[in-house]
Amino acid sequence: FVDFFSSALSDLCVECTEQYACQYRLFAERLSQLEEAEGDFDHFTQSYQSLGARRQPNNGLLFTEWAPGAKGLFLTGDFNGWEKLSHPFTRKEHGKWELYLPPKRDRSPPVLHKSKLKLIILTENDEYLFRISPWARYVTKRLDSVTYDWIHWDPLHPYLVLHPRPPKQRSLRIYEAHVGIASSEEKIASYQSFTLNLLPRIKHLGYNCIQLMAIMEHAYYASFGYQVTSFFAASSRFGTPEDLKKLVDTAHSLGLTVLLDVVHSHASSNTDDGINQFDGTDSCFFHPGPRGNHSDWGSRIFDYSSWEVSRFLLSNLRWWMEEYRFDGFRFDGVTSMLYHHHGVGMSFSGSYSDYFGMHINEDALIHLMLSNHLLHTLYPECITIAEDVSGMPGLCRPIAAGGLGFDYRLAMAIPDKWIQILKERRDEEWDMADIVYTLTNRRRGERSIAYAESHDQALVGDKSLAFWLMDQEMYTNMSALMPMTVVIDRGIQLHKMIRLLTHSLGGEGYLNFMGNEFGHPEWLDFPRKGNSESYRYARRQYNLVDMQHLRYQQLNAFDRDMNHAEDKHGWLASAPVRCNEDKVIVFERANLVFIFNFHPSCSYTDYRVAAGRLGKYTIKLDSDDLMYGGHGRLEHATEFFTEPVSFRGRAQSFKLFYIYHRFLSY
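These figures come from a predicted structure and were not determined experimentally.

What about helix H5 (residues 307-322)?
Now for step 1: Its 16 residues give H5 an end-to-end C-alpha distance of 22 Å, which sits within 8% of 22 Å, the value for a rise of 1.5 Å per residue.
Now for step 2: Burial within H5 is extensive, with 14 of its 16 residues counted as buried.
Now for step 3: Sitting at the head of H5, Ser306 places a side-chain oxygen 3.3 Å from the backbone nitrogen of Glu308.

Structure below.
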């Protein structure tokens, strides 16, 4: 456990070590209980094969549901002319209910593919409730309806996988994407259009991983996919389950890893088309009373101590891995899971008292350990990323050492820092030491995904980096056929430098939200009553980057070459070494020397740089290149030779004849 701490051992460290040992003991006990009761963990986590609707070898259908608070259960739908009570379930032990429908006389299934179904719950108060199975694999909504329908999905010819999963990436360059907004048209885009139009673009840009948002079905489109109603159903807004399978398979053919943005931190409070009050009680999948409600999100909180909730959520992970062949997950809302206070109104100081005590949701913590144990044991190449703003220590440490077992955590302080600087400080007031500290302040032995901005910054009410930098001038002055204004010059140069510095110094992986690579203008706002259900801002205008006369193309080219440079040199998989911080940031990583001059008006001559390796250095990537919207002030054929002159702790160094300030129009 000593590796958890970068400082010397202290009484506090001993206390934390005991906490990690306790966490591991609780995890081991829970795992042992599950395996003993269920036979084996593998079977337990594939419960989608024993719950919900399953076709039998004779084409009969077996329906099994867990509804412990129900007095009765019935199945209705197209197959029986919507007779409400003609097909009752039989009560089994442990709150389970079962119904078998034999095949038709012609041996075809009793429920046809794409036909509608509903469960009817008889509550203890003798009330009949219409419900959708929590295990439903496909749900749709008619335009004239406000709720979703359960569609029996059992195609005669399901999609056949053609390509193997790509090997685990040495370093992650993640393209965060939302299928529905992946079009310049004012509409909801599809899985098919994403496969055809966006996958080649992502590959061309040098990203090696896609993180798909809003795939788990959600009734409210404007929730960005974070109010899940059907956990086993791929969103039907974008197409069919087979369309999504083809998208993932095609991505694999391009060597792209595909991660799912999984939401197990809470669930939609919808009842008619969600899992809230599924059996007519307040406590089926969730804690009863106030503990089961998230005050800020208006959603339901899972009871992670529940045996059946563990079955449901762990099987859900297996489902997406097996059925759709995702390669891993970005776990949303981990902070909300880890603490009883859900992180609401909290300011995490970094003190260990923030992370250990009665305010920790031990059940959720053990559940996350079980999730990572499941995924990394059965799928050794699987990648898991935690979205945690608190800085919980041990989050990305091995389970055997008492950690939670994630591969990466999101470095959420970095985008906040960039926005704070752009909002509050003049260029001359930028504190390089503060920037470097934020970019490098991460827990020892725990890998981070760095990003300058994500979908959070693009949402209405906030601004992307490009919009903070250039604002209204993006509408009128982005033509490459006219001289750059002061605002556009400053914006374009800083946009590149901020992203490269974050990419090269901020973590062991990098993430970009779709469109931000080329400085997408405007914000992101889904159709809702407040904007008259408009799709104007619920799209990504890729048409802008395809217009050669606009400067968006220059930003896009820099992002592409930045990623390809990382692919060649692998700095994300290497440790950064040494930094200078006098408005010029210099550091080494992966045998490369990175040099950033953030001063708005001062250039430097004969600038000495410490070098870890003896020999010749040449320019590999230059943000001032004309093709990237720069000013072309550097001669790329220049060679820089080290000298036996010690500098900043290095035995050798070399001189740069000139380090130009970042833009000319200042």
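Text resumes after the structure shown.
Quick look at the UniProt feature "active site" (unreviewed entry) in the chain
Now for step 1: Feature annotation in UniProt assigns "active site" (unreviewed entry) to the following positions: Asp332 and Glu387. On the basis of their most widely separated C-alpha atoms, the annotated residues across 56 residues gather in one place, lying no more than 5.4 Å apart.
Now for step 2: Among the structural elements, Asp332 can be located in the loop between strand S17 (328-331) and helix H6 (334-338).
Now for step 3: Look at Asp332 and you get buried, because its relative accessible area is 8%.
Now for step 4: Apart from the residues lying within four places of it in its own chain, the contact partners of Asp332 are Tyr226, Asp261, Val262, Val263, Ser265, His266 and Glu387.
Now for step 5: Take Glu387: it is sitting in the loop between strand S18 (383-386) and strand S19 (408-410).

Some points on the sheet that holds strand S20 (residues 448-450)
Now for step 1: If you trace the 8 strands once around the closed barrel, you get S10-S11-S14-S17-S18-S19-S20-S21, paired in parallel fashion. Put simply, the sheet's adjacent strands are angled 30° from each other on average, direction ignored.
Now for step 2: The strands touched by helix H12 (residues 486-505) within the sheet are strand S10 (172-178), S20 and strand S21 (509-513), with S21 carrying the most contacts at an inclination of about 145°.

Description of the sheet that holds strand S2 (residues 61-66)
Now for step 1: Spatially, 4 strands are ordered S1-S2-S5-S4 in an open sheet, and the strand pairing comes out antiparallel. The outermost strands of the open sheet, each flanked by one partner alone, are strand S1 (52-55) and strand S4 (90-91).
Now for step 2: Relative to strand S5 (residues 96-101), S4 runs antiparallel, the two being bridged by 2 bridges. If you follow Thr90 over to S5, its bridge partner there is Glu98.

Quick look at the packing of helix H8 (residues 413-424) against H12
For any two helices packed against each other, one specifies the inter-axial angle together with the distance between the axes.
Now for step 1: It is at 12 Å that the axes of H8 and H12 come closest, and there the two elements cross at 155°. Between H8 and H12, the angle falls in the class roughly antiparallel. In this structure, the crossing between H8 and H12 has a hand that is right-handed. Of H12, the residues touching H8 (which contributes Ile414, Trp418 and Leu422) are Arg490, Ile498, Leu501 and Thr502.
Now for step 2: Here the residues of the contact of H8 with H12 are counted per class, giving 5 nonpolar, 1 polar and 1 charged.

Section: the pattern of salt bridges
Now for step 1: Under the criterion given, the structure shown has 41 salt bridges.
Now for step 2: Close ionic contact of Asp149 with Lys116 constitutes a salt bridge, the shortest N to O distance being 3.5 Å. Taken as a pair, Asp149 in strand S9 (residues 149-151) and Lys116 in strand S6 (residues 116-122) lie far apart in primary sequence, 33 residues in all.
Now for step 3: Its relative accessible area of 11% is what places Asp149 among the buried residues.
Now for step 4: A residue is classified by how much of its surface remains accessible, and Lys116, at 22% relative accessible area, is partly exposed.
Now for step 5: Of the charged contacts, one joins Arg142 and Asp149 as a salt bridge, the two residues approaching to 3.5 Å between their closest N and O atoms.
Now for step 6: Judged by its relative accessible area of 40%, Arg142 is partly exposed.
Now for step 7: Overlapping salt bridges bring together Glu38, Lys96, Glu308 and Arg311 as one network.

What counts as what
Residues numbered from 1 in each chain as written. Predicted model: local features only at pLDDT ≥ 70, side-chain atom pairs only at ≥ 80, totals over all residues. Heavy atoms only, no water. Helix = DSSP H or I, 4+ residues; strand = E, 2+ residues; numbered from the N terminus. Expected span 1.5 Å × (residues − 1). Buried < 20%, exposed > 50% of the residue type's maximum accessible area, 1.4 Å probe, protein only. Polar contact = N/O pair within 3.5 Å; in protein donor to acceptor, adjacent residues only side chain to side chain. UniProt positions renumbered as here; feature names shortened; annotations may be inferred. Contact = heavy atoms within 4.5 Å. Pairing = 2+ DSSP bridges. Axes fitted to C-alpha atoms, helices over the stretch in contact; angles between N-to-C directions. Parallel < 35°, antiparallel > 145°, perpendicular 65-115°, else oblique. Left-handed = near helix turned anticlockwise from the far one by under 90°. Nonpolar A, V, L, I, M, F, W, Y, C, P; charged D, E, K, R; others polar. Salt bridge = Lys/Arg side-chain N within 4 Å of Asp/Glu carboxyl O.

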